[in-house]
Amino acid sequence: MQVQNDSGCSWINDLNPRTNINSLLSNEECDWLIIGAGYTGLSAARKLGQINSNLKIILADAQLAGEGASGRNSGYLVDTTLNDGFTSNKELQNYKKKADIYSLGIDVVKKFIKEHQVDCDWNESGKYFASSKVEDKKILENFSNTLSKLGFEHSLLGNKELSEKLGTSFYNIGLYTKGGILLHPGKLVRAMIEALPSNVILYENSCLLNWSKNKNFIFCNFKNGIIKSKNIIFATNGFLKSLGIKSNYNFPITLTASMTRRLSEEEFKSIGKPKEWGVLPVKPMGATIRMTKDRRILIRNTAEVYNPYKMSQSELYKRSLKQETGIKKRFPQLEDNIIQSTWSGIVSRSRNSSQIFEKLDENVFAAGCYNGSGIGVGTLFGEQIAIKATNESTKEIEIIESRNKPTWLPPDPFLSLFVKLRLSFERYKAQTEI
Ligand SMILES: Cc1cc2nc3c(=O)[nH]c(=O)nc-3n(C[C@H](O)[C@H](O)[C@H](O)COP(=O)(O)OP(=O)(O)OC[C@H]3O[C@@H](n4cnc5c(N)ncnc54)[C@H](O)[C@@H]3O)c2cc1C
């Protein structure tokens, strides 16, 4: 097993290359071992380091820290996601629990950036859910109903208002929610690396190959050494399943995204000089598309069952063509070959959209499976799993644990087959929206 990212992500390439990168080269012992250095693992390490300043904490990642999904996502820190209407109060209550977790996630990221004076292009711009299909009005009206019941400020918009705000006449119906933040995911995760307490040792390019528990210790085998730890937290999200964690409750999905170069002054003028915005699709397989603060367009319009360890350049290229089509549909006046970079990333999904936040065994913990919304929830779950692992309780843990747990999934090959069929069906329904 080798986890290897492509090097094409604009968000990551915006940042200065890091120095002082250490890998595990010998055997080590520690009190705490955290596997995975994305938002979840970095937040768990930060919190543990604060709580236990005298203990030895190791954080290990198969690649460079923060360069998995955490540094390569679309940068929507969401307060709500689209659920089109409810048939019962129970479902409404479930939605509220999910939204409560999102709200805690926003709070914890906000607190982090305030405490550490982080510049991550934070913009409380709100976000749009939009579609080119007028028939989707029904879905948005149902959603609006839900949002009203739960007190989320929002408004329904038609083609004219959307065109003015977004600079494209592609969308005919939309819903704007005032909550929700757009940010630069690479800058946020880089700040989390820089904020690691001094008692956290970070090993990068150090892939956990397998692990076992024997009495009071966990033994973890890496290519160049073994770590013997008293406690372990798994924070590998899309790779939880590959390490045997909650294998029948989550599965990886590969997403690809592209970013254009910066639009020229004339190009920007041609689309009406809109302010920064973010649009999420009404149909799940439609495009997520964003105009960044510095006038680049980001688009993500694929989600698939694919070898999660790496996507080849030729496969990325195929997907970038689909992303160029998505951009040209919305902005036909822009020239071809405007895409500057295309990359892939892995997320973890569950059947019922619930997350994993658990003590799996004595001294063994896991957090992840954010169903594509892990910026806030990952940061929250990372901090809170560290607190739970030290036997403390908080109101946040109560809220997290009051949510339904992920439901059982059949083993492969049935699962992959079922997911592929489902994604194809959703893709068909969203074919106008890519
Ligand atoms: C294209 C894309 C767009 C997205 N858009 C959004 C969005 O707009 N908003 C949002 O909230 N979320 C979004 N997401 C999801 C979000 O990025 C994730 O939910 C979040 O990054 C999860 O953080 P994490 O720390 O749990 O996992 P990750 O960031 O995936 O970190 C896990 C780490 O574990 C490491 N690892 C894996 N296996 C091993 C091993 N065996 N040994 C050691 N280390 C290992 C990996 O290298 C990785 O760095 C998007 C994701 C993608 C890919």
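Remember, predicted model here, so these are calculated numbers, not experimental data.

Asks: Help me understand the overall build of the protein chain, please; the structure alone is not making it clear to me.
Replies: Each helix and strand counted, the protein chain has 11 helices and 18 strands in total. In terms of overall size, the protein chain behaves like a compact globule, its C-alpha atoms giving a radius of gyration of 21 Å where 434 residues would be expected to give roughly 22 Å. Counting only C-alpha atoms, the protein chain reaches 65 × 50 × 45 Å along its principal axes. Residues counted as buried form 57% of the 434 residues belonging to the protein chain. Excluding contacts between residues fewer than 6 apart, the proportion of contacts in the protein chain whose partners are at least 24 apart in sequence is 76%. When the accessible surface of the protein chain is totalled, it reaches about 18800 Å², and 49% of it is carbon and sulfur.

Asks: How should I be thinking about the site of the ligand in this particular structure?
Replies: Near the ligand there are 38 residues, and of these T40, D61, Q63, S70 and Y76 occur at the shortest range. One of the backbone N or O atoms of A69 is found 3.2 Å from an oxygen atom in the ligand. Between the ligand and G75 there is a distance of 3.3 Å, counted from an oxygen atom to a backbone nitrogen or oxygen. Within the complex, the protein chains bury 98% of what would otherwise be the 1000 Å² of accessible surface of the ligand. Secondary-structure elements contributing two or more residues to the shell around the ligand are α2 (39–51), β16 (339–349) and α9 (374–389). For the shell around the ligand, the per-class residue count stands at 19 nonpolar, 16 polar and 3 charged.

Asks: What am I meant to see in the nonpolar core here?
Replies: Considering soluble globular proteins, one finds that nonpolar side chains tend to be buried as a cluster. Ranked by size, the top nonpolar core spans 62 residues in total, and within it I34, L42, L59, F112, L188, I233 and F381 carry the most contacts. Element by element, the count of residues in this core is highest for helix α3 (residues 89–115), at 9 residues. With residues up to four places along the chain from it excluded, the contact list for I233 reads W32, L33, I34, I35, A44, L48, F365, I385, A386 and A389. Core analysis: the next-biggest nonpolar cluster, separate from the first, contains 22 residues, A130, F170, A287 and M291 among them.

Asks: Would you explain the pattern of salt bridges in this entry?
Replies: Two side chains that carry opposite charge are able to pair once their charged atoms sit near each other. A complete count under the given rule lists 33 salt bridges for this structure. In this structure, the salt-bridge partner of D121 is K187, at a minimum N-O distance of 3.2 Å. Taken together, the residues span a long stretch of sequence, with D121 in the loop between α3 and β4 (127–131) and K187 in helix α6 (residues 185–194) at a distance of 66 residues. Across the salt bridge formed by E358 and K246, the nearest N and O atoms sit 3.0 Å from each other. One end of the pair, E358, is in strand β17 (residues 356–361); the other, K246, is in the loop between β11 (225–234) and β12 (251–260), with 112 residues separating them in the sequence. According to the relative accessible area criterion, E358 is buried, its value standing at 14%. Connected through shared salt-bridge partners, E304, E315, K318 and R319 make up one network.

Asks: Mind showing me how you'd approach the sheet that holds strand β6 (residues 173–177) here?
Replies: Hydrogen bonding along the main chain pairs the strands of a sheet, whether they run parallel or antiparallel. Taking strand neighbours across the sheet as the criterion, the 8 strands line up as β5-β6-β4-β13-β14-β15-β12-β16 in an open arrangement whose pairing is mixed. The sheet terminates laterally at β5 (154–158) and β16, the two strands that pair on one side only. Adjacent strand axes in the sheet meet at a mean angle of 20°, parallel and antiparallel pairs treated alike. Of the pairings in the sheet, the one linking β5 to β6 comprises 5 bridges and is antiparallel in character. Along β6, the bridge assignment pairs G158 with I173.

Asks: Honestly, the side chain of S131 in this entry has me stumped. Any pointers?
Replies: Looking at the element boundaries, S131 is found in strand β4. S131 sits in the buried class, given a relative accessible area of 1%. A polar contact of 2.9 Å, which involves the side chain of S131, links it to the backbone nitrogen of K133. There is a polar contact of 2.6 Å between the side chain of S131 and the side chain of D136. Filtering out sequence-adjacent residues up to four positions away, S131 remains in contact with D136, Y171, N172, I173, V282 and E433.

Asks: Got a minute to help me understand the side chain of R295 in this structure?
Replies: For R295, the location among the structural elements is in the loop between β14 (288–291) and β15 (297–304). Setting aside chain neighbours within four positions, we find R295 in contact with R261, R262, L263, S264, E265 and F268.

Asks: What should I look at first to understand the environment of L196 in this one?
Replies: Relative to the helices and strands, L196 resides in the loop between α6 and β8 (200–203). Between the alpha carbons of L196 and G49 there is a distance of 7.8 Å; along the sequence they are 147 residues apart. For L196, the contacting residues outside a window of four places in its chain are L42, A45, R46, L59 and L202.

Asks: Would you mind going over the pairing of strand β9 (residues 208–214) with me for this structure?
Replies: Along any regular strand, the residues point their side chains to alternate faces of the sheet. As paired elements, β9 and strand β10 (residues 217–222) share 6 bridges and run antiparallel to each other. By the bridge assignment, S212 is partnered in β10 with F219. Counting the residues between successive antiparallel strands, the hairpin from β9 to β10 contains 2 residues, one of them, K215, with a positive phi of roughly 50°.

Asks: It is not clear to me how the packing of aromatic side chains should be interpreted in this structure. Could you clarify?
Replies: Following the criterion strictly, the structure yields 8 aromatic pairs and no others. A centroid spacing of 5.1 Å and a plane angle of 85° characterise the contact between F129 and F143, whose relative ring orientation is edge-to-face. In this pair, F129 sits in strand β4 while F143 sits in helix α4 (residues 137–149), placing the two residues 14 residues apart along the sequence. Per residue, the accessibility class of F129 equals that of F143, and both read buried. Measuring from ring centre to ring centre gives 6.5 Å for W277 and F331, while their planes differ by 25°; the resulting arrangement is stacked. Linking W277 in strand β13 (residues 277–281) with F331 in the loop between α8 (313–330) and β16, this pair joins segments that are 54 residues apart in sequence. For the pair formed by W277 and F331, the shared burial category is buried. One aromatic cluster in this structure is built from F357, Y370 and F381. The ring centre of Y249 lies 4.4 Å from the NZ or CZ of K246, which sits over that ring. Across from the ring centre of Y306, 5.3 Å away, lies the NZ or CZ of R319, which sits over that ring.

Cut-offs applied
- For every chain, the first residue of the written sequence is number 1, and numbering continues from 1 onward in sequence order.
- Since the coordinates come from a predicted model, pLDDT governs what is reported: local features require at least 70, and pairs of side-chain atoms require 80 or more to be given and counted, while whole-chain, interface and lining totals use all residues.
- Water and hydrogen atoms play no part in the side-chain values, which are based on all heavy atoms of the structure.
- Here a strand is any run of E in DSSP of at least two residues, a helix any run of H or I of at least four, and the numbering for each starts at the N terminus.
- C-alpha atoms define the radius of gyration in this analysis, and the globule rule sets the expected value at 2.2 Å times the number of residues to the power 0.38.
- Only protein chains enter the accessibility calculation, which uses a 1.4 Å probe; a residue is then buried when its area is under 20% of its type maximum, exposed when over 50%, and partly exposed in between.
- We call two residues contacting when some pair of their heavy atoms lies within 4.5 Å.
- Areas reported here follow the Shrake-Rupley algorithm with a probe of radius 1.4 Å; residue values treat only the protein chains shown as occluding.
- Residues are labelled near a given molecule or strand when at least one of their non-hydrogen atoms is within 4 Å of it.
- By the criterion applied in these results, polar contacts are pairs of N or O atoms within 3.5 Å in which, for protein atoms, one can donate a hydrogen and the other can accept it, and in which residues neighboring in sequence qualify only through two side-chain atoms.
- Polar here means any residue other than Ala, Val, Leu, Ile, Met, Phe, Trp, Tyr, Cys and Pro, which are nonpolar, and Asp, Glu, Lys and Arg, which are charged; Gly is therefore polar.
- The set of buried Ala, Val, Leu, Ile, Met, Phe, Trp, Tyr and Cys residues whose side-chain atoms join them within 4.5 Å is what this entry labels a nonpolar core.
- What makes a salt bridge here is a side-chain nitrogen of Lys or Arg within 4 Å of a carboxyl oxygen of Asp or Glu, nothing more.
- In this description, strands pair whenever DSSP reports at least two bridges between them.
- Axes here refer to lines fitted to C-alpha atoms; in helices the fit is confined to the stretch in contact. Angles between the N-to-C directions go from 0 to 180 degrees.
- Aromatic pairing here means that ring centres of Phe, Tyr or Trp (its six-membered ring) are within 6.5 Å. Orientation follows from the plane angle: under 30 degrees is stacked, over 60 is edge-to-face, and everything else is tilted.
- Our definition puts a charge over a ring when NZ of Lys or CZ of Arg is within 6 Å of the ring centre and also within 35 degrees of the ring normal.

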